[in-house]
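Residues per chain, in single letters:
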Amino acid sequence: MFNLILFGPPGSGKGTQSAKLVEKYGLIHLSTGDLLRKERQLKTPLGIEAQQFIDKGQLVPDEVVIGMISSALDENPAARGFLFDGFPRTVAQAEALDKLLELKKSSIALVLFLDVNEDELIQRLVNRGKTSGRSDDADESIQRKRQEVYKHETLPVAAHYEKFKKVVHIDGMRGIDDVFSSLALHIDKKIG
Ligand code: AMP
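In this convention, every chain numbers its residues from 1, walking through the sequence in written order. Only residues with pLDDT of 70 or above have their local features reported here, since the model is predicted, and side-chain atom pairs are shown and tallied only from 80 upward, although totals for entire chains, interfaces and linings are computed over all residues. Values reported for side chains reflect all heavy atoms of the structure, with hydrogen atoms and water molecules removed beforehand.

**Side note on the layout of surface pockets**
Here a cavity is any set of points on a 1 Å grid over the protein atoms alone where a 1.4 Å probe fits but cannot get out, and a pocket is any open set with protein on both sides within 12 Å along at least 5 of 7 lines; a residue lines the site when it has an atom within 4 Å of a point. Grid points are joined across faces, edges and corners, and a volume is the space filled by probe spheres set on the points. Taken as a whole, the largest pocket encloses approximately 950 Å³ of empty space. Lining the largest pocket are 48 residues, with K14, R89, R128, R134 and R146 sitting closest to its centre. Strands are runs of DSSP state E lasting at least 2 residues, helices are runs of H or I lasting at least 4, and numbering of each runs from the N terminus. Of all elements in the fold, only strand 1 (3–7), helix 1 (14–25), strand 2 (28–31), helix 2 (32–41), helix 6 (118–131), helix 7 (135–138), helix 8 (140–162) and helix 9 (176–191) reach the threshold of two or more residues within the lining of the largest pocket. Split by residue class, the lining of the largest pocket holds 17 nonpolar, 19 polar and 12 charged. Size it by volume and the second largest pocket reaches roughly 180 Å³. Contributing to the lining of the second largest pocket are L30, L35, K38, E39, L42, M68, S71, A72, E75 and N76. At 4 residues, the largest contribution of residues to the lining of the second largest pocket is made by helix 4 (residues 62–75). Charged means Asp, Glu, Lys or Arg here, nonpolar means Ala, Val, Leu, Ile, Met, Phe, Trp, Tyr, Cys or Pro, and polar covers whatever is left, Gly included.

This is the structure:
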């Protein structure tokens, strides 16, 4: 199995690049944001609980998202690999993911970190808010909160994987195709 984490702040292009990467490499895309939005649409108890956090720009509790990822891994026993997008977002989530993969005799091969500066992130999210229909995109104070949460709770996840020399930084300020070429180059190098 080849497992990849696409890492970066909200608005760095993870969703856009994930769609292209899963198509090229045949990986299963696991976006906790997408999974939570699906639960909300279906009005499940989990979806309703999660919405309270999402609407404030806060993180949904670790056990909720870890449970979702654990089920998704079990549901895809024949997968060639997984692309994790928006997960892990805390060190506790990263440690749980490492254990879940270990149980499947696998691990994270690579963490691709999309670097985008904060002004550009806010600009992109403002634009996305006009069309995405996402309540947490439409409000600039929620966007700022999400960037704060990212810095305090999610950035340490990169440090966790730096310890294992798994992180590669990619300049995410360029156009979609240029960023994609860089990501693909690093994946190809790793796959060999
Ligand atoms: P995203 O689509 O990845 O930007 O996620 C949207 C929102 O869903 C986030 O602001 C969080 O409230 C919640 N969320 C998504 N993924 C996670 C996660 N791994 N841990 C906690 N909350 C999450």
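**Section: the packing of aromatic side chains**
Two aromatic rings from Phe, Tyr or Trp, using only the six-membered ring of Trp, form a pair when their centres are within 6.5 Å; if the ring planes differ by under 30 degrees the pair is stacked, by over 60 it is edge-to-face, and anything between is tilted. Counting across every chain of the model gives 4 aromatic pairs. Measuring from ring centre to ring centre gives 6.1 Å for F7 and Y150, while their planes differ by 45 degrees; the resulting arrangement is tilted. Taken together, the residues span a long stretch of sequence, with F7 in strand 1 and Y150 in helix 8 at a distance of 143 residues. Classification of F7 as buried rests on a relative accessible area of 3%. When the ring of F84 is compared with that of F87, the centres are 6.3 Å apart and the planes differ by 45 degrees; the resulting orientation is tilted. A single burial state applies to F84 and to F87, both of which are buried. Members of the aromatic cluster, each reached through a chain of ring pairs, are F7, F113 and Y150. The ring of F180 carries the charged tip of K20 above its face, separated from the ring centre by 4.9 Å. For each residue, the accessible area found with a 1.4 Å probe, counting protein chains only, is set against the maximum for its type, and the residue is called buried under 20%, exposed over 50%, and partly exposed in between. Criterion for a charge above a ring: Arg CZ or Lys NZ at most 6 Å from the ring centre, at most 35 degrees from the ring normal.

**A closer look at the pattern of salt bridges**
What counts as a salt bridge is simple: a side-chain nitrogen of Lys or Arg found within 4 Å of a carboxyl oxygen of Asp or Glu. Within this structure, the stated rule accounts for 8 salt bridges. D34 is paired through a salt bridge with R37; the nearest N and O atoms lie 2.9 Å apart. Of this pair, D34 and R37 are both found in helix 2, 3 residues apart, which corresponds to roughly one turn of the helix. Note that D171 is salt-bridged to R174, the shortest N-O span being 3.8 Å. Put simply, E118, E148 and K151 are held in one network by salt bridges that share partners.

**Remarks on the site of the ligand**
Taken together, 16 residues surround the ligand, and among them T32, R37, Q58, R89 and Q93 come closest. Under this definition, polar contacts are N or O atom pairs within 3.5 Å; protein pairs additionally need one hydrogen-donor-capable and one acceptor-capable atom, and for neighbouring residues in sequence, both atoms have to be side-chain atoms. Contacts to the ligand include T32, whose side-chain N or O atom sits 2.8 Å from a nitrogen atom. Within the backbone of Q58, a nitrogen or oxygen atom sits 2.6 Å from an oxygen atom of the ligand. For the accessible areas, the method is Shrake-Rupley and the probe is 1.4 Å, while residue cover comes only from the protein chains on display. Its free accessible area being 480 Å², the ligand has 95% of it covered by the protein chains. Of all the cavities here, the one that holds the ligand is the largest pocket. Take the shell around the ligand: its biggest share by element is 4 residues, from helix 2. Residue classes in the shell around the ligand are distributed as 6 nonpolar, 5 polar and 5 charged. We call a residue near a given molecule or strand whenever any one of its heavy atoms falls within 4 Å of it. A cavity or pocket is said to hold a molecule if more than half of that molecule's atoms lie within 2 Å of its grid points.

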